[in-house]
Amino acid sequence: MSRCATVSRTLDEPLSGTAATATTWLLLEQPGPWGAKALTASHLDPVLGRALEAAAEGTGVRVALIRRPGPHADYGTSPVRQVYAAHTVPGRVWLHGATTRDPQRLLGLDFAALGAGDPRSLGAVLGGRPHHGDPLALVCTNGKRDRCCALLGRPLAAELADSGVRGVWEVTHLGGHRFAPTVLVLPYGYAYGRAGAHTVKEALHAVREGRVVVEGCRGCSAWGRPGQAAELAVRSAAAEYRAGVLSVVRTDGAAPRWEVTAVHADGRRWRVTVAQGASLPPRPESCGAAVLGAPARMDVTDVRALSRTALAS
């Protein structure tokens, strides 16, 4: 076992805990205002919203609402809604698109299969096909969840759209809203915090070239919090920025310390020590919170390349 130069990598709430971890994102266009829990507090039928939440539970699928940058009003808008599904596990990444006039049809999808990386039900139920257009930049703008997502996210989404960037959508809660504006880039599923227009444009350009921009990156949604921190640390240690070549294959331990094993598509492996710490000095737990706290953070304390001998043992 050889030790790489130790990389100090700290991720404050990589995606705000496991709630934002998703192997597959299912996105439904829903214009109009969103409440704090948008699936049941928007102009979407709340009965359908609860049914979608129940269908996705435990499958690895995360359902979110999207809308085009601009005014919130949805009166007089087209009845045709855009639907996307994106699987973010390296080696099996895909992004498919579809349209529907009846959001109820989403309940006919095979959520377990979508979460496992099988998109066929999207094609069978909604006529979905692989998306060959621009990558997607999803900017969190759910001000009812946290006001800074609206105050900072909506201007960012508008700036990107007005400057001609294609594939920009506003999206409901991504997590880590105290890092607003937060952005999720698909199909690879990497999130960015305190993102400016330049960072998002760079990330989208990198996606087109099959690369990952690590500056400002808060991790890939396919992994849990320790894995998100570990993968980014390995990228920095190995100077590996190609998308889809690094996977988290094992996470041992429990809070506040984990040993994460990451593997490269060429067979190289690393063991990464991740420790949970507290963000100091005290700060708000979310952008709009008045009470100070010490939000959890992920600290990478060691990155070790595994030798062939270590792999065999």
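These numbers were taken from a predicted model, which means no experiment stands behind them.

Enquirer: Account for the overall build of the protein chain, with residues named and values stated.
Expert: When helices and strands are counted, the protein chain shows seven helices and 18 strands. Taking all 313 residues of the protein chain together, the buried fraction comes to 55%. When the accessible surface of the protein chain is split by element, carbon and sulfur atoms take 52% of a total near 13,300 Å².

Enquirer: How would you explain the packing of aromatic side chains if you had to name every residue and give the values?
Expert: Summed over the entire model, instances satisfying the criterion amount to one aromatic pair. Summarising the aromatic geometry, the rings of Y84 and W169 are spaced 6.1 Å apart at their centres and angled 75° between planes, so their arrangement reads as edge-to-face. With Y84 in strand β5 (residues 81-87) and W169 in strand β9 (residues 168-171), the pair connects residues that are 85 residues apart, well separated along the chain. Accessibility expressed as a relative area gives 3% for W169, which makes it buried.

Enquirer: Go over the sheet that holds strand β4 (residues 61-67) with me, naming the residues and quoting the values.
Expert: Through backbone hydrogen bonds, the strands of a sheet pair up, either in parallel or in antiparallel fashion. Here ten strands make up an open sheet; going across it, the order is β7-β6-β5-β3-β4-β9-β8-β10-β11-β12 and the pairing mixed. Strands at the two margins of the open sheet, each flanked by one partner only, are β7 (129-130) and β12 (217-220). As paired elements, β4 and β9 share two bridges and run antiparallel to each other. The residue bridging I66 from the neighbouring strand is V171, located in β9.

Enquirer: So what's going on with the side chain of H96? Residues and values would help.
Expert: Within the secondary structure, H96 sits in strand β6 (residues 94-100). Filtering out sequence-adjacent residues up to four positions away, H96 remains in contact with V83, Y84, A85, P119, L122, R129, P130 and H131.

Enquirer: Before we move on, can you summarise the environment of W34 with the specific residues and values?
Expert: Of note, W34 is situated in the loop between β3 (24-29) and α1 (46-56). For W34, a relative accessible area of 6% corresponds to the buried category. In sequence terms W34 and V171 are 137 residues apart; their C-alpha atoms lie 9.8 Å from each other. In this structure, W34 is in contact with A41, S42, L65, I66, R67, T141, N142, K144, E170, V171 and T172, ignoring residues within four places of it in sequence. A distance of 3.1 Å separates the side chain of W34 from the backbone oxygen of Q30, its partner in a polar contact.

Criteria and cut-off values
Residues numbered from 1 in each chain as written. Predicted model: local features only at pLDDT ≥ 70, side-chain atom pairs only at ≥ 80, totals over all residues. Heavy atoms only, no water. Helix = DSSP H or I, 4+ residues; strand = E, 2+ residues; numbered from the N terminus. Buried < 20%, exposed > 50% of the residue type's maximum accessible area, 1.4 Å probe, protein only. Areas by Shrake-Rupley, 256 points an atom, 1.4 Å probe, with all protein chains shown as cover. Phe/Tyr/Trp six-rings, centres within 6.5 Å; stacked < 30°, edge-to-face > 60°. Pairing = 2+ DSSP bridges. Contact = heavy atoms within 4.5 Å. Polar contact = N/O pair within 3.5 Å; in protein donor to acceptor, adjacent residues only side chain to side chain.

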